[in-house]
Amino acid sequence: MAEEKLALPKIQAAGMMKQYMSDYFYELNEAATTKKQKIAWCTSVGPAEILRALGFLVHFPENHGAMLGATRMATDMIPEANAIGYSPDICSYLTADVGAYLKGVTPLSKAYPGIDSVPKPDVLVYNTNQCRDVQDWFMWYGREFKVPVVGIHTHRGVGDVRGEHTASIARQMEALIRPLEEISGKRFDMDEMKHVLALSRECSELWKKVLDTAAAVPSPITFFDGTIHMGPAVVLRGTQRAVDYYKMLLAELEKRIQDKVAAVPGEKFRLYWEGMPVWGRLRDHSMLFSSHQTNVLASTYCNSWIFSDFDPAEPFESMARAYTKLFIVRSDEAKEKYIKDMIAFFKVDGIIYHDAKTCPNNSNCRYGMPQRLEKETGVPSLIINGDLNDLRLISDEQTKTNVEAFIEQLEERK
Amino acid sequence: MGNGDPSIWAGVDVGASRTKVMVIDGERRPVGHAVVKSGTNFTESSDQCLEMALAMAGVTQQAIRRLISTGYGRKNVQRADDTKTEIGCHAKGCFHCFPHPITIIDIGGQDNKVIKVDGEGRRQSFKMNRKCAAGTGAFLEEMAPRLDIPIESMDGLARQSTQMVELGSFCTVFSATEVLEKIRQGKKVPDIVKGLFLSVIKRVLEMDSLTENVVMTGGVVAHNPYLVEMAQELIGRPIWVPPLPQLTGALGAALYAMEGDRR
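As the structure is a prediction and not an experimental result, all values here were calculated from the model.

K.L.:
Can you walk me through the interface of chain B and chain A in this structure?
P.N.:
It is common to report an interface's size as the accessible area lost on association of the parts. Tallying the contact residues gives 21 residues for chain B and 21 residues for chain A. Of the roughly 1800 Å² buried between chain B and chain A, counting both surfaces, carbon and sulfur atoms make up 44%. Of all residues in chain B, R123(B), F126(B) and K131(B) give up the largest surface area on contact with chain A, accounting jointly for 33% of the area buried on that side. Along the contact surface separating chain B from chain A lie four salt bridges. The salt bridge partner of E408(A) is R123(B), with a shortest N-O separation of 3.1 Å. Scanning the region where chain B abuts chain A turns up seven residue pairs in polar contact (both at pLDDT 80 or more). Only helix 2 (86-97) and strand 8 (123-128) of chain B provide two or more residues apiece to the side of chain B that touches chain A. Per element, the largest residue contribution to the side of chain B that touches chain A is six residues, and it comes from strand 8 of chain B. A breakdown of the residues in the side of chain B that touches chain A according to their chemical character gives five nonpolar, six polar and 10 charged.

See below:
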């Protein structure tokens, strides 16, 4: 097929990212093996900065879930978790990750020889701003490893983020300090916290600039690139390495803009992706769209690691604000306004909504939002049914027909 | 061109269940058509179907100016000059028959589609069924053996119903269980068949709103005109059906072939 022959320009910085990610996983493995440093497991948009300030190395199970998906191991792991009672309808990051643990396998072993398992935690720290599933997920490991589990319970359906929202979250964050000090054996140092937060903020600003380059015509980056290159923003934010990486990536993309290098050669249509990626189909989807000279160039998902509110001058309040301004915990009105802004900023011709079967929190197409937005903006949309990790929930042929028909529709409108 | 054949344009629609070919002349008139089972070799079935349609048109392969393929097996048609999705082809075929703003309901062997087309023939939106056979031809194909009847007899049986049996399930497999339950309860076959038709209609109508004029196409409609009558009654307004409903996608593909040729 034509899409299999297509050669897309490669992002050179990827080599450096692979090195940084490799260093990160080996460092965690070393700590887990030698017990020289404490390890915390944290949700992807949890209070990682507090953990780093207390000297923890941080493992992110959601990142591991995505790796299980991207390596197409997840579908074989999910039934293991189902067999101990977890429904096939709940988060397939959770079921894949728990299943992999039960089976004693990890994609880390293949990518990083010498790593046999995920690093065992000394504590698990969640924030329910992603969903309630993360709490259940961490509680299960807490029982399994017999280690403490602490967390933050967020507000949901938030319209305007007000003082009372952030105050209550900031209090919950501060309340984590004492138990975490006991586990880490280290006193909390506010200067260290401010240093970590400043690095996180810098990482966030650079990551935003990277993603914003997609506003250029033609776009130098795709959503599918973004899902890979967001790795450091997720697992290394609060470190100098993440900052260094995004400086390099940004420079490369700015050069592409200057040289008019398109991530999708001959870019004819520009689309926005709303929802989770289908991790096991990243390459197929990338090829499917680009073979039709269509660039899915921006997404809410990759933008979820932009925390412009971080402010070292008021660490807890600003973290509370940033982690509550997150798209996923907002009201439909706030979400719609956000997507409208993105449509205008990235100059998109259409929106793809991914209705992920096991992730209702990240599927914004179930209560009429696509129809409302289409009516208001005139920008057409397509809903594809699938899942983040469970490939049994996907019909590739139906996805392909839907996408091709949508692009045909856009061609008719041009 | 060879053999003095008149020029024709062909559309080949390789569906999950049936392969359809439509051949049109320079005046966009259907001059040949055929339907065969898609089977397990899409290339072979499309070749065979094309030969049948060409024979009906009284022309040879050399007469084909351009050929567009569509449907699940569109990439398997070796003779194709290009491919189009079945959504585009149904829209094109239906608008050719009814040049008005229309909402098209296509009930195929594996997929259902609701497509909205404006007064210029441009697609405004479309919906396809999810990864599920509810409301498709596959649903009726699954139910016929449960009732021990040939699928061809369903339309006639549904018309004989005096007390329709409603079925509640969303799912083809669960519906089969429900049908067995109705048999056990002694319900009459015509009443169950009419209930199955209603189930198909309901599954399709819930996919999208019906604006403007409604057109129904597809193999299920072609072989079960009573289903259209029931749908009309349910929505309270007339439904247009193209002259060859099972071949509307193939017609659209042939029209695309002609457009591309003139570009």
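K.L.:
So what exactly am I meant to see when it comes to helix 13 (residues 240-258) of chain A here?
P.N.:
Helical periodicity: at 3.6 residues per turn, an α-helix aligns residues three or four positions apart in one direction. All names here are of chain A. Counted at 1.5 Å a residue, the expected span for helix 13 with its 19 residues is 27 Å, and the 27 Å between its end C-alpha atoms agrees. Of all the positions in helix 13, only A242, V243, Y245, Y246, L249, L250, E252, L253 and R256 are classed as buried. Buried residues in helix 13 make contact with helix 2 (14-34), helix 10 (190-212), helix 11 (223-229) and helix 12 (231-235). Of the residues one or two after helix 13, K260 is the one with positive phi, at around 55 degrees.

K.L.:
Looking at this model, I keep getting lost on the nonpolar core. Mind explaining?
P.N.:
Side chains of a nonpolar character, in soluble globular proteins, are inclined to be buried together. Residue and element names in this part refer to chain A. Formed by 144 residues in total, the largest nonpolar core has its most connected members in L180 and W207. Looking at which element gives the most residues to this core, the answer is helix 10, with nine residues. Ignoring any residue separated from it by four or fewer positions in sequence, one finds L180 in contact with I50, L51, L54, F56, V123, V125 and V150.

K.L.:
Could you clarify how one ought to interpret empty space enclosed by the protein in this entry?
P.N.:
Space left empty within the atom packing is revealed by a probe, the size of a water molecule, rolled over the atoms. Residue and element names in this part refer to chain A. Tallying each qualifying case throughout the model produces five cavities of 30 Å³ or more. Estimated volume of the largest cavity: approximately 110 Å³. Surrounding the largest cavity, 13 residues form its lining, Q130, Y301, S304, I328 and N362 being those nearest its centre. Split by residue class, the lining of the largest cavity holds six nonpolar, six polar and one charged. For the second largest cavity, the calculated volume is near 70 Å³. Lining the second largest cavity we find L211, I221, T222, F223, G226, L297, A298, S299, C302, N303 and F346. Those elements that place two or more of their residues in the lining of the second largest cavity are helix 11, strand 6 (294-299) and helix 15 (300-303). Here the lining of the second largest cavity gets three residues from one element, more than from any other, and that element is strand 6. Considering only residue class, the lining of the second largest cavity consists of seven nonpolar, four polar and no charged.

K.L.:
For this particular structure, what's the right way to read the packing of helix 3 (residues 137-146) of chain B against helix 5 (residues 172-184) of chain B?
P.N.:
Between two packed helices, what matters for the description is the angle formed by their axes and the separation of those axes. Residues and elements named next belong to chain B. Relative orientation of the contacting elements helix 3 and helix 5 amounts to 30 degrees, with a least axis distance of 10 Å. Judged by the angle between their axes, helix 3 and helix 5 are roughly parallel. The two elements helix 3 and helix 5 meet at a crossing, and its hand is right-handed. Contacts from F139, E142, M143 and R146 of helix 3 reach helix 5 at T172, S175, A176, V179, L180 and I183. In terms of residue class, the contact of helix 3 with helix 5 is made up of six nonpolar, two polar and two charged.

K.L.:
Please explain the pairing of strand 7 (residues 350-356) of chain A as it appears in this structure.
P.N.:
Every other side chain in a regular strand lies on the same face of the sheet, so the side chains alternate between the two faces. Residue and element names in this part refer to chain A. Counting buried residues in strand 7 gives seven out of seven residues, a clear majority hidden from the surface. Both faces of strand 7 are covered, namely the face carrying G350, I352, H354 and A356 and the face carrying I351, Y353 and D355. Relative to strand 7, strand 5 (residues 269-274) runs parallel, the two sharing four bridges. Following the sheet pairing, W273 is matched in strand 7 by I352. With six bridges joining them, strand 7 and strand 8 (residues 381-386) adopt parallel strand pairing.

K.L.:
Help me understand the sheet that holds strand 6 (residues 102-107) of chain B, please; the structure alone is not making it clear to me.
P.N.:
What holds strands together in a sheet is hydrogen bonding between their backbones, with the strands either parallel or antiparallel. Residues and elements named next belong to chain B. Taken in spatial order, the five strands of this open sheet run 8-7-6-9-10, and their pairing is mixed. The open sheet has two edge strands, strand 8 and strand 10 (239-240), and neither has a second partner. Pairing of strand 6 with strand 9 (residues 213-217), which is carried by five bridges, proceeds in the parallel orientation. Looking at strand 9, one finds that D106 is bridged to T217.

K.L.:
Teacher, can you tell me more about the side chain of T154(A) here?
P.N.:
Residue and element names in this part refer to chain A. Looking at the element boundaries, T154 is found in the loop between strand 4 (149-152) and helix 9 (163-184). Residue class for T154 comes out buried when judged on its relative accessible area of 14%. Ignoring anything within four residues of it in the chain, the contact list for T154 reads N127, T128, N129, I169 and V329.

K.L.:
Please clarify how the packing of aromatic side chains should be interpreted in this entry.
P.N.:
Aromatic ring pairs: the centre-centre distance and the angle between the two ring planes describe each pair. Evaluation of the coordinates by the stated rule reveals 27 aromatic pairs over all chains. Ring geometry for W140(A) against Y141(A): centres 5.1 Å apart, planes inclined by 80 degrees, an arrangement best described as edge-to-face. Side by side, W140(A) and Y141(A) carry an identical accessibility label, which is buried. Relative to F316(A), the ring of F188(A) lies with its centre 6.1 Å away and its plane at 40 degrees, an arrangement referred to as tilted. With F188(A) in the loop between helix 9 and helix 10 and F316(A) in helix 16 (residues 315-324), this residue pair connects regions lying 128 residues apart in the sequence. Classification of F188(A) by relative accessible area gives buried; the value is 18%. F316(A) gets classed as buried once you look at its relative accessible area, which sits at 5%. The aromatic ring of Y256(B) is capped on one face by K84(B), whose charged end is 4.6 Å from the ring centroid.

Calculation rules
Residues numbered from 1 in each chain as written. Chains lettered and ligands numbered in written order. Predicted model: local features only at pLDDT ≥ 70, side-chain atom pairs only at ≥ 80, totals over all residues. Heavy atoms only, no water. Contact = heavy atoms within 4.5 Å. Buried area = accessible area lost by both parts, 1.4 Å probe. Salt bridge = Lys/Arg side-chain N within 4 Å of Asp/Glu carboxyl O. Polar contact = N/O pair within 3.5 Å; in protein donor to acceptor, adjacent residues only side chain to side chain. Helix = DSSP H or I, 4+ residues; strand = E, 2+ residues; numbered from the N terminus. Nonpolar A, V, L, I, M, F, W, Y, C, P; charged D, E, K, R; others polar. Expected span 1.5 Å × (residues − 1). Buried < 20%, exposed > 50% of the residue type's maximum accessible area, 1.4 Å probe, protein only. Core = buried A, V, L, I, M, F, W, Y, C linked by side-chain atoms within 4.5 Å. 1 Å grid on protein atoms, 1.4 Å probe; cavity = no way out; pocket = protein on both sides within 12 Å on 5 of 7 lines; lining within 4 Å. Points joined across faces, edges and corners; volume = space filled by probe spheres on them. Axes fitted to C-alpha atoms, helices over the stretch in contact; angles between N-to-C directions. Parallel < 35°, antiparallel > 145°, perpendicular 65-115°, else oblique. Left-handed = near helix turned anticlockwise from the far one by under 90°. Pairing = 2+ DSSP bridges. Phe/Tyr/Trp six-rings, centres within 6.5 Å; stacked < 30°, edge-to-face > 60°. Lys NZ or Arg CZ within 6 Å of the ring centre and 35° of its normal.

Any functional reading would require information that these geometric values do not contain.
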